[in-house]
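Single-letter residue listing:
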Amino acid sequence: MCYILAVHILLVDDDVELCTLLGEFLRREGFTVDCEHEGSAGLSRALAGVDLVVLDVMLPGIDGFEILRRLRHQSKVPVIMLTARGEDVDRIIGLELGADDYLPKPFNPRELAARIRAILRRYEQRAPSSGDRLEVNGVTLDPGTREVTSTGRAVELTTFEFDILEMLMRSAGRVLSRDTLMENFYNRKATPFDRSIDMHVSHLRKKLEHGATLIKTIRGVGYQFCRTPEDARTE
């Protein structure tokens, strides 16, 4: 996979031994890897320019959540959060703040590499086009400029949120299963305990919807972008 050869990964974790082991593994996989073990230094390095950040929650100085919050004000670099196993709140907060994915500790380094590749593949395959603007149910999405408006109001989305919205709008009126969304964006099937897609959709709703339903949850199946306000009232 030659596309990963120039990819620069930043690991931000205060576990020096873990960073050393992960760094060695990811370098063997063809990535360029740097490590930071303190929050402020990690934020500075991330803002200096990398291709993807693997970010632990618990850090000395400023924690991973604050790093992600500050990072998202200036950058859309992909971020994978590392969380303690069983800490659902950490995962939800990370996704709410704009993380692309999360991985609970302890984990297999091969799974981390697979998730990194899945995110990078999605970013690489994203091809901005002109003259292909979508307008559905009061929402306008321009793939060329990556701008979104809802009832004329500009909406600021993360890269991941934009891509999910584009997929939903292109399939407006049809139900997209959670498996379809997970396989498209993460290259893995949905599990009952994986809330990543659900949280991204929830975040989209908060940003887009103001009194009107635009994205319906079809229980046990997935999500549907409503073509018209009437569709939103039809269960």
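Before any of the text, the structure's been laid out above.
Presented here is a report on the structure given in the accompanying data block. Positions within a chain are numbered from 1, following the residues in the order the chain's sequence is written. With the structure being a predicted model, the display of local features is reserved for residues of pLDDT at least 70 and the display and counting of side-chain atom pairs for 80 or more, all residues being used for whole-chain, interface and lining totals. Side-chain metrics in this entry use all non-hydrogen atoms of the structure; hydrogen atoms and water are not considered.

The subject of this paragraph is the sheet that holds strand β10 (residues 175-177). What the three strands build is an open sheet, ordered β10-β12-β11; its pairing is antiparallel. Looking at the sheet topology across the chains shown, the edges are occupied by β10 and β11 (215-218). Recorded for the sheet is a direction-independent mean angle of 30° between the axes of neighbouring strands. When DSSP locates at least two bridges between a pair of strands, those strands are taken to pair. Every helix listed is a DSSP run of H or I at least four residues long, and every strand listed is a run of E at least two residues long, numbered separately from the N terminus. Note: β10 against strand β12 (residues 222-225), three bridges, orientation antiparallel. The residue bridging S177 from the neighbouring strand is G222, located in β12. Whether two residues are in contact is decided by their heavy atoms, any of which lying within 4.5 Å being enough. A fitted line through C-alpha atoms serves as each axis, taken over the contacting stretch for helices, and the angle formed by two N-to-C directions is quoted from 0 to 180°. Running at roughly 65° to β10, helix α7 (residues 178-186) makes contact with β10 and β12 of the sheet. Across the sheet, helix α8 (residues 196-208) is in contact with β11 and β12; its angle to β11 comes to roughly 145°.

So, about the nonpolar core. V148, L165, I197 and F225 are the most contacted members of the largest nonpolar core, which totals 29 residues. Element by element, the count of residues in this core is highest for helix α6 (residues 159-170), at seven residues. L165 has contacts with V139, L141, V148, L157, L204, L208 and F225, leaving out every residue within four places of it along the chain. Residues belong to one nonpolar core when they are buried, are Ala, Val, Leu, Ile, Met, Phe, Trp, Tyr or Cys, and are joined through side-chain atoms within 4.5 Å. Burial here depends on accessible area, computed with a 1.4 Å probe over protein chains only, as a share of the maximum for the residue type. Under 20% is buried, over 50% is exposed, and the range in between is partly exposed.

A separate point is unusual backbone geometry. Here K105 and P106 are connected by a cis peptide whose omega angle stands at -10°. Within the fold, P106 resides in the loop between β5 (101-105) and α5 (109-125). If you check the backbone angles, N137 has positive phi at about 50° while not being a glycine. Among the structural elements, N137 can be located in the loop between β6 (134-136) and β7 (139-142). Backbone geometry places T151, a non-glycine residue, at a positive phi of 50°. Structurally, T151 is set in the loop between β8 (147-150) and β9 (153-155).

Residue position: D198 is located in helix α8. Accessibility expressed as a relative area gives 14% for D198, which makes it buried. Those residues in contact with D198 that lie beyond four places of it in its chain are R178 and Y223.

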